[in-house]
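Here is what each chain is made of, one letter per residue.
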Amino acid sequence: MNKPSLIILEGTDKSGKSTTAILLSKKIKNSVLIHGNIRPYDNSEKERKKVKDYYRNILKILRIFKNKTIILDRYYPSQMIYSIKREKDEFKDIWYKNLEKDILKTNHLFIYVRPLEESIIKRLKREGDEYVDEQDIKILIKRYDNFYKNTKLNKIKITSSDDEKLKKIWST
């Protein structure tokens, strides 16, 4: 596996994305970690455009930092999956399909952090979350599973930050 220049970490809240992102940023030389938990304040076109502009600018950053590995702790899939919480389902928004086509032109890797549902709910109960609850987690997992199944991105699915698949990424 060639070391990707763009690594996208996705998964529900409390899945272990941030832990995995931090681990990767420490193991991969010349990496830049960007925490991208961005969402519109409301469902207005203006707010949604701001979010889309942010996502598009990530590809510009990738071109600027050619010799670095950009590690994203959340990216556009979160917007699509979590949009259901804002009662504006963006899962079929063509803009995101076009963004994915542009990402496909890069050396990228999509990492879906997908522990068991029970593990996520246990963390949720222990740590709390102001945005999601147990019922949300079940719905969000289904949406992430669907995205993972259908995306054309180079992808792997892991269950935790100590997954053996990750070692192949930083050892290349």
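Residues numbered from 1 in each chain as written. Predicted model: local features only at pLDDT ≥ 70, side-chain atom pairs only at ≥ 80, totals over all residues. Heavy atoms only, no water.

Caption draft 1: Quick peek at the nonpolar core. One finds Leu6, Leu72, Tyr75, Tyr76 and Ile103 to be the most contacted residues of the largest nonpolar core, which totals 33 residues. Going through the elements one at a time, strand 1 (6-10), helix 2 (45-64), strand 3 (69-73), helix 3 (76-82), helix 4 (94-103), strand 4 (108-113), helix 5 (117-127) and helix 6 (134-150) are the ones with two or more residues in this core. Looking at which element gives the most residues to this core, the answer is helix 6, with six residues. Dropping the residues within four chain positions of it, Tyr75 is found in contact with Ile8, Glu10, Tyr55, Ile58, Leu59, Leu99 and Ile103. (Core = buried A, V, L, I, M, F, W, Y, C linked by side-chain atoms within 4.5 Å. Buried < 20%, exposed > 50% of the residue type's maximum accessible area, 1.4 Å probe, protein only. Helix = DSSP H or I, 4+ residues; strand = E, 2+ residues; numbered from the N terminus. Contact = heavy atoms within 4.5 Å.)

Caption draft 2: Local environment of the packing of helix 2 against helix 4. Their axes nearest at 11 Å, the elements helix 2 and helix 4 cross at an angle of 10 degrees. Between helix 2 and helix 4, the angle falls in the class roughly parallel. Residue-level inspection shows Lys52, Tyr55, Arg56 and Leu59 of helix 2 in contact with helix 4, the latter providing Trp95, Tyr96, Leu99, Asp102 and Ile103. Of the residues belonging to the contact of helix 2 with helix 4, the class tally is six nonpolar, no polar and three charged. (Axes fitted to C-alpha atoms, helices over the stretch in contact; angles between N-to-C directions. Parallel < 35°, antiparallel > 145°, perpendicular 65-115°, else oblique. Nonpolar A, V, L, I, M, F, W, Y, C, P; charged D, E, K, R; others polar.)

Caption draft 3: Region of the structure containing the environment of Pro77. In this structure, Pro77 sits in helix 3. Residue Pro77 is classed as buried on the basis of its relative accessible area of 0%. On a C-alpha basis, the gap between Pro77 and Lys14 in space is 16 Å, while along the polypeptide they are 63 residues apart. Beyond its immediate chain neighbours, meaning those up to four positions away, Pro77 contacts Glu10, Phe110 and Phe147.

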